[in-house]
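# Analysis of the macromolecular model
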Amino acid sequence: MKHIIFSLLLIVSLLTACEPMNQRTTDNHYMINLTNKKIVHVLNLDIRVVPQDSVVFKINGTCDTTLEWNFTQITGIHKPRLYGSLGSYKDFYVYNISDTTSIHWQNFYGGYEPDAEQMTEIFNLQTKEVIDSENNESNVITNYYLTVNDTLLKLMKKDYSMIERFKEYYQK
């Protein structure tokens, strides 16, 4: 009986002595522009750490893996396989200013077209968990990669509303 009580006390002591690890969530959004087009990327969101309901990124011509946005915050106490959330992404637009075309991506985490292989060439995300013992923190990092290439340009449709929306580009 003494061994059982001692074992239970030892287990309770070990469990209460460990400081719980903070759970951080980090989302990095990257754009790769393989074309020479002027591109505007608009992401509509509902994220606690961002006061506005959308963010805008503009790129003039080719670029290789450029960081558009970084959102990060502590989202709770770490529980393995249960990740906290920054909030949600509603949808996004990609505007090709050079050709007055655009695409509206409504299903953020799903494919835009049935061909999944084609979509991973355009929009890809990678998630990993990094443990930082020094800061007692677990960080779930998701990297979102949007690649502007000929495949994406072919999916875009004419959008003359852009002339009004992006007056500064079209007034010359």
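The coordinates are above.
These lines cover the structure that appears in this document, whether it is placed above or below. (Residues numbered from 1 in each chain as written. Predicted model: local features only at pLDDT ≥ 70, side-chain atom pairs only at ≥ 80, totals over all residues. Heavy atoms only, no water.)

Let us now look at the nonpolar core. Membership of the largest hydrophobic core comes to 27 residues, with the highest contact counts inside it found for Leu43, Leu45, Phe71 and Val94. Counting residues per element, the ones that place at least two in this core are strand S2 (38–47), strand S3 (54–60), strand S4 (63–77), strand S5 (87–96), strand S6 (101–105), strand S8 (137–148) and helix H3 (150–155). Counting residues per element, this core draws most heavily on S2, which supplies four residues. Contact partners of Leu45, with chain neighbours within four places excluded, come to Val50, Gln52, Asp53, Ser54, Val55, Phe71, Ser88, Tyr89 and Lys90. Formed by seven residues, the second largest nonpolar core is a distinct cluster that contains Tyr95, Ile97, Phe166 and Tyr169. (Core = buried A, V, L, I, M, F, W, Y, C linked by side-chain atoms within 4.5 Å. Buried < 20%, exposed > 50% of the residue type's maximum accessible area, 1.4 Å probe, protein only. Helix = DSSP H or I, 4+ residues; strand = E, 2+ residues; numbered from the N terminus. Contact = heavy atoms within 4.5 Å.)

Bringing the side chain of Glu137 into the picture now. Inspection of the secondary structure puts Glu137 in strand S8. By relative accessible area, which is 13% here, Glu137 ends up buried. Within the local environment of Glu137, its side chain forms a polar contact with the side chain of Arg24, the two groups lying 2.9 Å apart. Once you skip the residues sitting within four places of it in the chain, Glu137 turns out to touch Met21, Asn22, Arg24, Ile74, Val130, Ile131 and Asp132. (Polar contact = N/O pair within 3.5 Å; in protein donor to acceptor, adjacent residues only side chain to side chain.)

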